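Descriptive analysis of the structure
These are the residues of each chain, in order.
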Amino acid sequence: MNTRPIPMTASTSSELGDAVERALARKDLPAASTALAEASTREIVHVLERLSPRQCAIAYRLLSKQEAIEVFEALSPGLQADLVHGLQDAEVAALFADLDPDDRVWLLDELPAAVAPRLLRGLSPHERDLTAAVLGYRRDSIGRRMSPEFVSTHPQLTAARTLQRMRERLDRAETIYTLPVTDGGLRVVGVVSLRDLLAADSDALVADLMHDAHTVSAESDAEEAARECTESGFLAVPVVDSEERLVGILTIDDAVRILRHEESEDAARQGGVEPLGRPYLSTPIRRIVRSRVVWLLVLAVGATLTVQVLSVFEATLEQLTVLALFVPLLIGTGGNTGNQAATTVTRALALGEVRPRDLLRVLTRELRVGLCLGFLLGALGFGITALVYDWQIGVVIGGTLLAVCAVAATIGGIMPVVARVIRVDPAVFSNPFITTFVDATGLVIYFVIARAVLGI
């Protein structure tokens, strides 16, 4: 880790970034190198996140060897992948070898499939085996994100012997603060903390110091396992195979990294875009366009439903043109209500507060919430519209708001649960899809109520 005591503030980071960008634009590499040499690892990472891929590779080559390793480890996997394309093979091989096995897999997941074998061939046999073991698990499983480098102990070993084992493997272990305790068959029977080992007598047995272990299966969903780790407050959780044998360890920092990655993906998809996987300013324009255009095309096609509904009720609009004035209000209210419900339930699913078996409970709760919201908004809409136009128009607007809010909240609430039931990311059933569906449904409700009340 970088030990230089240079605190990073928004102003210093921005000034450094501007200085490096100006130097690179002038092709003044000595000036850029001087600016980077005075910065901390964290500041350099922030600078690289603002540069184009080409400038990023140039700036990275100006770093010292040790600084370059520390900075590369601190970059996001997406930015690491972009940097790999701008470096020479020898540089890439050295950086790849210095990564931990789980960090290598994060990077390989971002690179083209053809690149992976070439990088793996450059590793030592031991490091290649460790990396291959992690790569063998499903992409969304915690086995793919665990570290296979750990220190374990045995119930019949003493505290002194365990501490010795830790010192011998200190440079290879992901963490030493929590040690899995295994039996002769490598099955986890408990965990022991470094604090307890240091506080115990040297001849105390691990069996007397260990606590019950909370383990996760290597095939478990990565997000769920990471949330278990963070919510339970564990510094590390042993990862076991189908036979309960220890195969790796999930540390709290890796768990937080997984959750940050998943939440970024969910936020992007709820907004109708694909995750960029790298900082915004360092992402090529064509990648940003590609992340948005597919969803825009899908939603544009979906929006034709709204056009079709309007064309079906064109005669109704011609008879009473005042109805057209309220179309934006009604579809906007319905879309917002559905989005609120979807966001709330998606968050509850992520936190484990709602399970797929709770579908009926979610439906009834959101229906009641939608009716309450619809009653309040409908009463307000009726009062204002009746004063400005007449009471019949007020009844149409009030009744539509009541029905649209109830339908939108119900649909918005159950769609994320349905997505989880059919094993699809709930964020895919995101706000833009719900808005499109509710727009069309809301218009049908509106014109049906208008015809019934106004007799047109």
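This next bit is on the packing of aromatic side chains. In the structure shown here, the tally under the stated rule is 3 aromatic pairs. On the basis of an interplanar angle of 75° and a centroid distance of 5.7 Å, the ring pair of F326 and Y389 is categorised as edge-to-face. Note that F326 is positioned in the loop between α18 (322–325) and α19 (327–350) and Y389 in the loop between α20 (359–388) and α21 (391–421), a separation of 63 residues in sequence. Among the residues examined, Y389 registers a relative accessible area of 39% and is labelled partly exposed. The ring of F96 has R104 sitting right over it, with the charged end atom 5.9 Å from the ring centre.

A grouping of L325, L380, I384, L387, V388 and Y389 is seen on the molecular surface, where their side chains present a nonpolar patch of about 670 Å² in accessible area. When residues in the nonpolar patch are grouped by element, the largest group, 4 residues, is from α20. Take L380: it is sitting in helix α20. Judged by its relative accessible area of 53%, L380 is exposed.

Here we take up the packing of α19 against α21. The interhelical angle for the contact between α19 and α21, taken along N-to-C directions, is 30°, at an axis separation of 7 Å. In terms of orientation, α19 and α21 fall into the roughly parallel class. Where α19 crosses over α21, the handedness of that crossing is right-handed. Contact residues: α19 offers L330, T333, G334, T337, G338, A341, A342, V345, T346 and L349, while α21 offers I397, T400, L401, V404, C405, A408, A409, G412, G413, P416, V417 and R420. Taken together, the residues of the contact of α19 with α21 sort by class into 13 nonpolar, 8 polar and 1 charged.

The subject of this paragraph is helix α14 (residues 222–232). Restricting attention to buried positions, one finds in α14 the residues A222, E223, A225, A226, R227 and C229. The backbone nitrogen of E223 lies 3.1 Å from a side-chain oxygen of the residue at the head of α14, namely D221. The first or second residue beyond α14 is G233, which carries a positive phi of 80°.

Oppositely charged side chains may form a pair once their charged atoms are brought near each other. With the rule as written, the count across this model stands at 12 salt bridges. Taken together, the shared-partner salt bridges in this structure form one network comprising D109, R144 and R145.

What follows concerns the pairing of strand β2 (residues 188–193). Where strand β1 (residues 178–182) lies against β2, 5 bridges are found, and the strand directions are antiparallel. Paired with P180 across the strands is V191, a residue of β2.

Along strand β5 (residues 246–251), 5 of the 6 residues are buried, which leaves the element largely enclosed by surrounding structure. Remark: 5 residues form the turn of the hairpin made by strand β4 (residues 236–240) and β5, two consecutive strands paired antiparallel; E244 in that turn has positive phi of roughly 65°.

On to α20. In this model, α20 (30 residues) spans 42 Å end to end at C-alpha, consistent with the 44 Å of a helix rising 1.5 Å per residue. Within α20, the full set of buried residues consists of V362, E366, G370, G374, G378, G381 and T385. Buried residues along α20 sit in contact with α19 and α21.

Right, let's talk about the environment of G383 for a bit. Mapped onto the secondary structure, G383 falls in helix α20. Along the sequence, G383 and G394 sit 11 residues apart, while their C-alpha atoms lie 6.7 Å from each other.

A low pLDDT score tells you not to read the predicted coordinates there in detail. Scored by pLDDT, the protein comes out at a mean of 82, with 85% of its residues at no less than 70. Confidence drops under pLDDT 50 across residues 1–11; counting only partners more than four residues distant or on other chains, this segment forms 19 contacts.

Ranked by size, the top nonpolar core spans 40 residues in total, and within it L48, Y60 and F72 carry the most contacts. Ignoring any residue separated from it by four or fewer positions in sequence, one finds L48 in contact with C56, A59, Y60, V71, L75, L79 and S282. Counting residues in hydrophobic clusters, the runner-up holds 17 residues, among them L330, I397, F447 and A450.

Cut-offs applied
Residues numbered from 1 in each chain as written. Predicted model: local features only at pLDDT ≥ 70, side-chain atom pairs only at ≥ 80, totals over all residues. Heavy atoms only, no water. Phe/Tyr/Trp six-rings, centres within 6.5 Å; stacked < 30°, edge-to-face > 60°. Helix = DSSP H or I, 4+ residues; strand = E, 2+ residues; numbered from the N terminus. Buried < 20%, exposed > 50% of the residue type's maximum accessible area, 1.4 Å probe, protein only. Lys NZ or Arg CZ within 6 Å of the ring centre and 35° of its normal. Patch = residues over 30% accessible without salt bridge, like charges linked within 9 Å, V, L, I, M, F, W, Y side chains within 5 Å. Areas by Shrake-Rupley, 256 points an atom, 1.4 Å probe, with all protein chains shown as cover. Salt bridge = Lys/Arg side-chain N within 4 Å of Asp/Glu carboxyl O. Axes fitted to C-alpha atoms, helices over the stretch in contact; angles between N-to-C directions. Parallel < 35°, antiparallel > 145°, perpendicular 65-115°, else oblique. Left-handed = near helix turned anticlockwise from the far one by under 90°. Contact = heavy atoms within 4.5 Å. Nonpolar A, V, L, I, M, F, W, Y, C, P; charged D, E, K, R; others polar. Polar contact = N/O pair within 3.5 Å; in protein donor to acceptor, adjacent residues only side chain to side chain. Pairing = 2+ DSSP bridges. Expected span 1.5 Å × (residues − 1). pLDDT = per-residue confidence, 0-100. Core = buried A, V, L, I, M, F, W, Y, C linked by side-chain atoms within 4.5 Å.

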